[in-house]
Amino acid sequence: MTAAMTERRRDPWETTRQRMLGALVEAGSERVGAEELSRRLGVSTRSVRTYVSRLNTEHGREVVSSSRDGYAIDHAALAAAGDHRPPTSRRVLSPGERLASLLRSLVRADGGADVYELAEELRVSDSTLEADLTKCRALLVIHQLTLQRRGPSVQICGTESAKRRLVRQIMTDAARSHTQFVSVRELAIESAEPSLLTFREGLTRILSELGLLATENSQHAILAHVAVMVGRLRQGHELEAPDAAAEEDALRREAALRIAALVESTFELRLPAGEVDYLVGLLDENTTPEDLSLLVTERVTADEDVDYVALVRQIVGQVGENYLIDLDHDRFIGFLSVHSRNLVRRAQRGQAAHIPIGQSIKDTHPLIYEIGIFIARRLELALGIEIRADEIGLISFHVGAHFESVYAREQRVRIALISPTYLDLQDSARSMLQSAIAGVGEIELVAVDEAELTTDLPGPDLIVSTVPLMGLPQTLDRPVVQLSALPGAEDLERVRGVVLDIAQTKRRARVGSTLVNLIEPQFFLDLTTTSRDDVLAQMSEALTSAGVVDADFHRGVLEREAMASTSLGSGVAIPHSMIMGAHASSIAVHVPLEPIDWGGDPVSLVAMMAFSKDSREEFGELFESVIRVLSKPRNVELLAAHGGSYEDFISTLLDII
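Just so we're clear, the structure is a prediction, and the values are computed from it rather than from any experiment.

I tried to follow the overall build of the protein on my own but got confused; where do I start?
The secondary structure content of the protein amounts to 28 helices and 17 strands. Counting every position in the protein, which comprises 657 residues, the buried fraction comes to 50%. In the protein, 68% of the contacts between residues at least 6 apart in sequence involve partners at least 24 apart. A total accessible area of about 30200 Å² is found for the protein, and carbon and sulfur atoms account for 50% of it.

For this particular structure, what's the right way to read the pattern of salt bridges?
Opposite charge on two side chains makes pairing possible when the charged atoms of those side chains draw close. All told, the structure shown has 17 salt bridges when counted by the stated rule. Measuring nitrogen to oxygen at the nearest pair gives 2.9 Å for the salt bridge that ties R253 to D277. In this pair, R253 sits in helix α13 (residues 250-267) while D277 sits in helix α14 (residues 273-286), placing the two residues 24 residues apart along the sequence. Each of the two residues, R253 as well as D277, counts as buried. Three or more residues are tied together by salt bridges with common partners; here these are E160, R164, R232 and E275.

Before we go on, may I ask you to explain the sheet that holds strand β4 (residues 146-150) in this structure?
Neighbouring strands of a sheet are bound in pairs by backbone hydrogen bonds; such pairs are parallel or else antiparallel. Within the open sheet, the 3 strands sit side by side as β3-β5-β4. Their pairing is antiparallel. Both outer strands of the open sheet, β3 (113-114) and β4, are each paired with one neighbouring strand and no more. Summarising the sheet, β4 and strand β5 (residues 153-157) pair through 5 bridges and their orientation is antiparallel. The partner of R150 across the bridge, within β5, is S153. Against the sheet, helix α6 (residues 95-108) engages β3, β4 and β5, with an angle of about 85° to β5.

Help me understand the environment of A192 in this model?
Mapped onto the secondary structure, A192 falls in the loop between α10 (184-191) and α11 (196-210). In contact with A192, other than residues within four places in its own chain, are T16 and R19.

So what exactly am I meant to see when it comes to the packing of helix α24 (residues 532-545) against helix α25 (residues 553-563) here?
Angle between the axes and distance between the axes are the two parameters that describe a pair of packed helices. Relative to each other, α24 and α25 sit at 145°, their axes nearing to 9 Å. Of the two possible hands of crossing, α24 and α25 adopt the one that is right-handed. Judged by residue contacts, R532, L536, A537, S540 and L543 of α24 engage F553, H554, V557, L558 and E561 from α25. Tallied by class, the residues present in the contact of α24 with α25 amount to 6 nonpolar, 2 polar and 2 charged.

So what exactly am I meant to see when it comes to the sheet that holds strand β13 (residues 572-573) here?
Across the sheet, 4 strands lie side by side as β12-β14-β17-β13; this open sheet has mixed pairing. Sheet topology places β12 (524-525) and β13 at the edges, where each strand pairs with a single neighbour.

Looking at this structure, how should I read the packing of aromatic side chains?
The description of two aromatic rings rests on the distance between their centres and on the angle between their planes. Throughout the structure, instances matching the rule amount to 4 aromatic pairs. Seen in terms of ring centroids, F524 and Y646 are 6.1 Å apart; in terms of plane orientation they differ by 75°. Their pairing is edge-to-face. Taken together, the residues span a long stretch of sequence, with F524 in strand β12 and Y646 in helix α28 (residues 646-656) at a distance of 122 residues. For the pair F524 and F649, a centre-to-centre distance of 5.4 Å together with 50° between the ring planes defines the contact as tilted. Pair noted here: F524 is in strand β12 and F649 is in helix α28, with a separation of 125 residues, a long-range link. What makes F524 buried here is its relative accessible area of 17%. Given a relative accessible area of 3%, F649 falls into the buried group.

Please clarify how the pairing of strand β2 (residues 70-73) should be interpreted in this entry.
The side chains of a regular strand alternate between the sheet's two faces. The pairing of strand β1 (residues 64-67) with β2 spans 4 bridges and is classified as antiparallel. In the strand pairing of β2, S66 is matched with Y71. In textbook terms, the turn of a hairpin is the stretch between consecutive antiparallel strands, and for β1 and β2 this stretch comprises 2 residues.

Mind showing me how you'd approach the side chain of H576 here?
Here H576 is to be found in the loop between β13 and β14 (586-590). Engagement of the side chain of H576 in a polar contact is seen with the side chain of E370, the distance being 2.5 Å. Of note is the side chain of H576, whose polar atom sits 2.8 Å from the backbone oxygen of I574. Every residue in contact with H576, bar those within four places of it in the chain, is listed here: E370, G556, V557, R560, T566, M609 and F623.

Can you help me understand α25 in this one?
Burial in α25 covers these residues: F553, G556, V557, R560, E561 and M563. Take α25 and look down its axis: the buried residues cluster within an arc of 155°, on one side only. Facing away from the buried surface of α25 by more than 90 degrees, the exposed residues are R555 and A562.

Got a minute to help me understand the confidence of the model for the protein in this structure?
The pLDDT averaged across the protein works out to 79; a share of 84% of its residues lies at or above 70. Taken as a whole, residues 243-247 scores under 50 in pLDDT and shows 11 contacts with residues more than four places along the chain or in a different chain. Scored below 50 in pLDDT, residues 404-410 makes 10 contacts in the model with residues more than four places away or belonging to other chains.

Conventions and cut-offs
- Residues numbered from 1 in each chain as written.
- Predicted model: local features only at pLDDT ≥ 70, side-chain atom pairs only at ≥ 80, totals over all residues.
- Heavy atoms only, no water.
- Helix = DSSP H or I, 4+ residues; strand = E, 2+ residues; numbered from the N terminus.
- Buried < 20%, exposed > 50% of the residue type's maximum accessible area, 1.4 Å probe, protein only.
- Contact = heavy atoms within 4.5 Å.
- Areas by Shrake-Rupley, 256 points an atom, 1.4 Å probe, with all protein chains shown as cover.
- Salt bridge = Lys/Arg side-chain N within 4 Å of Asp/Glu carboxyl O.
- Pairing = 2+ DSSP bridges.
- Axes fitted to C-alpha atoms, helices over the stretch in contact; angles between N-to-C directions.
- Left-handed = near helix turned anticlockwise from the far one by under 90°.
- Nonpolar A, V, L, I, M, F, W, Y, C, P; charged D, E, K, R; others polar.
- Phe/Tyr/Trp six-rings, centres within 6.5 Å; stacked < 30°, edge-to-face > 60°.
- Polar contact = N/O pair within 3.5 Å; in protein donor to acceptor, adjacent residues only side chain to side chain.
- Arc of directions from axis to C-beta.
- pLDDT = per-residue confidence, 0-100.

Right, here's the structure in full:
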């Protein structure tokens, strides 16, 4: 870890400590008054006294003296204590960090800031500062703010709530780690409020006790708001009026009042009524009642132009019709209704949600991601907004949290258990076995001996017995696993391994036969174009000319591509329409001689999918299986290398499925 990274991840108190020592060093031999120091640090005078006491305790001597005239640093005592770090030393800021620092300085400067002083503070040339101010103007527009210039003085103009949103965005961006998580410790450093860590514990407790659910990102949004609110109030800035107040929401009103009391006890600040009203709106946007029935979510439409509950009901119905996926549950509809309303609010502010693992759900759960895109597109059309990639990912998480696989039952391995009933051994064996095969196998028959096994087809996929078998009918030519009367850990692990192998074989058989039927020789295309758009047009035309799809299929493919690239990043692209409107399900394949530029990704294999409503039941398993196979670069390389003929391609595909 570099020195710069170490400094960025230091303890919140360390940042406060350095800022206080820096202010005292700058004062030279003069004392700094308590009011001045509290203003410089953005804390109360009581907090200043606490910080001074902590400093002196840490060093075991009085390195900062206090009197009626204020505070002063004792350099000799500081050196004797072994603290040789230069209090005012600063590392060089990156352009992004410099821009954030400039914006925060401008927000703090109530009467405007001098450009020459800003350049000196940031240690940049006048021309560099002017370039940064140009960037500032563009960023401020997103937050409905403007930058006014009068000679050397510059000032940010706009509402207090807009300024807070700006600072909050800067703070959370700085506190966000490489995996998109917001570190609360970093948030405390950015806000110079070490007590934010303690405050979070209280916030979590309040939300839990009142039954308000908040995702990790939602909690960070609340924490960031509180940090900014505390800093602005200490500088004398109150909100003009709440952005959104839900007077009728007694649950969030109670939560806001309890959080206000927590702010007072933690930061020594009493919140004005307007700030409490704002907290109600903030909680309305970032929390969901644990008891989330449609009666609760009806308030989503109370003061809105859009009936979000009705809209989500309609979209959920379209998901069911298109994918045969049942998401028609009150809790899911309520949750997505609240999320849709908040999504619109973020879009209106030019903001977007952040999710911890970006687009990885696109590869790990492709069907869920596809349904998320389907929902996002219908929200776009209904609400007239543009939904960004991270928002699509977040919708996909909501879908995944309530997702019930439509093909899980077909994937399960059917098991017949043969076990004696002596002293409840059968019940014990069944319980342990079912636990070991959970998710992949299901015990459909329990018998005392093999004579009870049915000879009807299809019969079990696996026979597990805790007694010696005398012989099975020829029609029951199935794998047999022999266990002890009371199965041990090794027995159960052995059964699970066999079950997984059988499940894999069943899946390969289903998917393989389906693919052979869908990829017909006439759709194994040899195109000469090297443009992504031309490839999409020509492949769509091939399917249209064969009567597989209608003429508007190409438009649907482009619409899906515009939502999120169908390139998997492994060298393959799987373009398709979001609507299952084909007359007959088919897959067109093109293996170009040279990779195609697919929105920045080199693509060596294109598989265009067209599905009809008649194949909805098999779509889910096929879609996920194909994507999981083709998301591996090695598999794509093998298919591209054997893409010279239809026969070689199909043979290779079946080998790697």
